[in-house]
Amino acid sequence: MGIYLNPNNDNFAEITSNETDIDKTMMISALNKIMKVNNKYVCVSRPRRFGKTIASNMLSAYFSKGGDSREPFAPYKISHDTSFESNLNKLNVIKIDVNSEFKNERDKENLLNNFQNKIVSEFIEQFMKD
């Protein structure tokens, strides 16, 4: 779908094509368990250089309505978990890589305005369709 709103699973598929990938998909099972309780916010923190981008790509691919992720998750433990189907591609996801945004923006003074305009455009395109 969009770059920020409901991204597809391409980033996750690209990362998992690497032979050195370690299965961390059971993090999804833990999140599925706590999503039904009153916790509205979850912080998935990791030390520097310990896979924050990989974790965010995995979570985005699983939850996002941006594409069918059954096939990319098929080889992983989560695909056999009883909670696998519960939230698979069923939620609107906003994924923002702030570091990349900063690196790629030429006009640093208008970074926030430009970034906000891009996100608002995606929301309008997605939710304001006829």
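Structural data are supplied above this passage.
For clarity, every value in this text was computed on a predicted model and none was experimentally measured.

1. Comments concerning the overall build of the protein chain
Inference 1: The number of helices and strands found in the protein chain is six helices and zero strands.
Inference 2: Overall, the protein chain shows an N-to-C arrangement of helices and strands of α-α-α-α-α-α.
Inference 3: On the principal axes, the C-alpha backbone points of the protein chain span a range of 45 × 40 × 30 Å.
Inference 4: Long-range pairs, those at least 24 residues apart, make up 75% of the contacts in the protein chain between residues at least 6 apart in sequence.
Inference 5: Of the side-chain charges in the protein chain, 18 are positive and 17 negative, and the distance between the mean point of each set is 7 Å.

2. Some remarks on a nonpolar patch on the surface
Inference 1: A contiguous nonpolar patch, built from Ile94, Ile96, Val98, Val120, Phe123, Ile124, Phe127 and Met128 and spanning about 750 Å² of accessible area, is present on the exposed surface.
Inference 2: Among the elements that make up the nonpolar patch, the one with the highest residue count is helix α6 (residues 111-127) (four residues).
Inference 3: Note on placement: isoleucine 124 falls in helix α6.

3. Re the nonpolar core
Inference 1: Counting residues in hydrophobic clusters, the biggest one holds 14 residues, and the most contacted among them are Ile28, Tyr62 and Phe73.
Inference 2: Of all the secondary structure elements, the ones that give two or more residues to this core are α2 (26-34) and α3 (52-63).
Inference 3: Considering every element that reaches this core, the biggest residue donor is α3, with five residues.
Inference 4: Residues contacting isoleucine 28, with those up to four places away along its chain left out, are Met58, Leu59, Tyr62, Phe73 and Ile78.

Reading the values: the criteria
Starting afresh in each chain, residues are numbered from 1 along the sequence in its written order. The model is predicted, so local features are restricted to residues of pLDDT at least 70 and side-chain atom pairs to those at 80 or more, both for listing and for counting; the totals for chains, interfaces and linings are taken over all residues. Only heavy atoms go into the side-chain values, all of them from the structure, while hydrogens and water stay out. Going along the chain from the N terminus, every DSSP run of H or I of four or more residues is numbered as a helix, and every run of E of two or more is numbered as a strand. In what follows, residue pairs with any heavy atoms lying within 4.5 Å of each other are defined as contacts. Only four residue types enter the charge count, namely Lys and Arg as positive and Asp and Glu as negative; His and the chain termini do not. By convention, the point assigned to a charge is CZ for Arg, NZ for Lys, CD for Glu and CG for Asp. Patches draw on residues past 30% relative accessible area with no salt bridge. Two like charges within 9 Å are joined, as are two nonpolar side chains (Val, Leu, Ile, Met, Phe, Trp, Tyr) within 5 Å. Only the protein chains shown count as covering a residue, and every accessible area follows the Shrake-Rupley method with a 1.4 Å probe. Throughout this description, the term salt bridge denotes a Lys or Arg side-chain nitrogen within 4 Å of a carboxyl oxygen of Asp or Glu. As used here, the term nonpolar core means buried Ala, Val, Leu, Ile, Met, Phe, Trp, Tyr and Cys residues forming a set that is joined through side-chain atoms within 4.5 Å. Working definition: with a 1.4 Å probe on protein chains only, accessible area under 20% of the residue-type maximum means buried, over 50% means exposed, and in between means partly exposed.

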